[in-house]
Amino acid sequence: MIEKRSFESLGHADHGWLNARHHFSFADYYDPARTNWGSLRVWNDDEIAANSGFPAHPHQNMEIITYVRTGAITHQDSMGNKGRTGAGDVQVMSAGTGVRHAEYNLEPETTTLFQIWILPRETGGQPSWGAKPFPKGDRSGKFVTLASGFDGDDDALPIRANARVLGATLKAGESVEHQVGDARHAYLVPAVGAIEIDGQRFDARDGAALSGGQTVTIKALEDAEIVLVDAE
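About the criteria used
Residues numbered from 1 in each chain as written. Predicted model: local features only at pLDDT ≥ 70, side-chain atom pairs only at ≥ 80, totals over all residues. Heavy atoms only, no water. 1 Å grid on protein atoms, 1.4 Å probe; cavity = no way out; pocket = protein on both sides within 12 Å on 5 of 7 lines; lining within 4 Å. Points joined across faces, edges and corners; volume = space filled by probe spheres on them. Helix = DSSP H or I, 4+ residues; strand = E, 2+ residues; numbered from the N terminus. Nonpolar A, V, L, I, M, F, W, Y, C, P; charged D, E, K, R; others polar. Core = buried A, V, L, I, M, F, W, Y, C linked by side-chain atoms within 4.5 Å. Buried < 20%, exposed > 50% of the residue type's maximum accessible area, 1.4 Å probe, protein only. Contact = heavy atoms within 4.5 Å. Salt bridge = Lys/Arg side-chain N within 4 Å of Asp/Glu carboxyl O. Phe/Tyr/Trp six-rings, centres within 6.5 Å; stacked < 30°, edge-to-face > 60°. Lys NZ or Arg CZ within 6 Å of the ring centre and 35° of its normal. Pairing = 2+ DSSP bridges. Axes fitted to C-alpha atoms, helices over the stretch in contact; angles between N-to-C directions. Lys, Arg positive; Asp, Glu negative; His and termini not counted. Polar contact = N/O pair within 3.5 Å; in protein donor to acceptor, adjacent residues only side chain to side chain.

A. Highlighting the layout of surface pockets. Put simply, the largest pocket is a space of about 330 Å³. Along the wall of the largest pocket there are 20 residues; nearest its centre are Leu18, His22, Phe26, Asn44 and Phe54. Elements with a minimum of two residues in the lining of the largest pocket: strand 2 (11-14), strand 3 (18-22), strand 4 (40-48), strand 5 (52-59), strand 10 (99-105) and strand 11 (111-118). Ranked by residue count, the leading element in the lining of the largest pocket is strand 5, at four residues. Residue classes in the lining of the largest pocket are distributed as nine nonpolar, eight polar and three charged. Considered as a void within the structure, the second largest pocket measures approximately 200 Å³ in volume. As for the second largest pocket, its lining consists of 13 residues, and the residues nearest its centre are Phe134, Asp138, Val144, Thr145 and Asp155. Residues that form the lining of the second largest pocket fall into these classes: five nonpolar, one polar and seven charged.

Written out as structure tokens, the structure is:
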């Protein structure tokens, strides 16, 4: 019901300028037991060195969510969008029929981020990009929806998937619950701090795969910052 994926067990690629850990099969890392979790296809834990980054490259038919943990990432794409997303904030790109983009760390320090890919509910469509600040204080003691493909989540960034990306900050000793619906798949990573999920310990950057049809209690053992994807 709850599968732990320790940070040490994740796929690893060190390119010098990029030190990446892969929660799911990606690029040269392949694990047949970790190809996806429902429609969640990629969760990369990236450290990008100062004044480096990803040159322009293509994507299509994927919802790409970037959660910046420290530093900032600067985006530019073939649609003419440009933007800088700082720590704690989120950007999303719906690749649709196809888009080229570049992502650079133009800061004087290492940028760390989670990049999350979710399969869209249908292929095609005009590509789009957006970014938004999400103050950590607004997430204190509760989950806030950061990106969503559902009606009613008006404060979240829109994605074209039957999924939500949630964030919470917990003080040591605080708890929050999350209900995973039937036939849903949730995946949770503490960006900072250690937590317990129904009594099982997860340290910073460990992954937790949560099966559908359960309600879990997430308790902070230390001050913690949590990112959770709930997908079909």
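Next comes the rest of the account.
B. Spotlight on the nonpolar core. Counting residues in hydrophobic clusters, the biggest one holds 26 residues, and the most contacted among them are Leu40, Trp43 and Ile118. At the level of secondary structure, the elements contributing two or more residues to this core comprise strand 4, strand 6 (63-70), strand 9 (90-94), strand 11, strand 13 (144-148), strand 15 (163-170), strand 17 (185-192) and strand 22 (224-231). Once residues lying within four places of it in the same chain are set aside, the contact partners of Trp43 are Arg21, His22, His23, Phe24, Phe114, Gln115, Ile116, Tyr187, Val189, Val227, Leu228 and Val229. Formed by 19 residues, the second largest nonpolar core is a distinct cluster that contains Phe143, Leu188, Ile218 and Leu228.

C. Representation of the pattern of salt bridges. Summed over all chains, the structure comprises nine salt bridges. The residue Lys136 makes a salt bridge to Glu225 at a minimum N-O spacing of 3.2 Å. Of this pair, Lys136 sits in the loop between strand 12 (128-132) and strand 13 while Glu225 sits in strand 22, and the two are 89 residues apart along the sequence. Among the residues examined, Glu225 registers a relative accessible area of 6% and is labelled buried. Ionic contacts of the salt-bridge type, sharing partners, join the residues Asp45, Glu47, Arg69 and Arg205 into one network.

D. Main features of the packing of aromatic side chains. Inspection of every chain in the model, using the stated rule, returns six aromatic pairs. Ring-pair connections join several aromatic residues into one group, and the members of that group are Phe24, Trp43, Tyr67, Phe114 and Tyr187. Sitting over the ring of Phe114, Arg69 keeps its end group 4.7 Å from the ring centre.

E. Summary view of the pairing of strand 13. Across the five residues that make up strand 13, a large majority, four, are buried. One ladder, built from four bridges, connects strand 13 with strand 15; its direction is antiparallel. Directly across from Thr145, in strand 15, lies its bridge partner Leu166.

F. Just the sheet that holds strand 2, in detail. Pairing is antiparallel across the open sheet formed by seven strands, whose spatial order is 2-3-4-11-6-9-12. Unpaired on one side and paired on the other, strand 2 and strand 12 mark the two borders of the sheet. With direction set aside, neighbouring strand axes in the sheet form an average angle of 15 degrees. Where strand 9 lies against strand 12, five bridges are found, and the strand directions are antiparallel. By the bridge assignment, Val90 is partnered in strand 12 with Lys132.

G. How the structure looks around the sheet that holds strand 1 (residues 2-5). Strand order in this open sheet of seven strands is 1-20-17-22-15-13-14, and the pairing throughout is mixed. Unpaired on one side and paired on the other, strand 1 and strand 14 (157-158) mark the two borders of the sheet. Across eight bridges, the pairing between strand 15 and strand 22 is antiparallel. Bridging across to strand 22, Leu166 finds its partner in Leu228.

H. Geometry of the side chain of Glu63. Among the secondary structure elements, Glu63 is positioned in strand 6. Of the side chains with opposite charge, Arg160 lies nearest to the buried Glu63, which makes no salt bridge, at 5.0 Å. From its side chain, Glu63 meets the backbone nitrogen of Arg160 in a polar contact 2.9 Å long.

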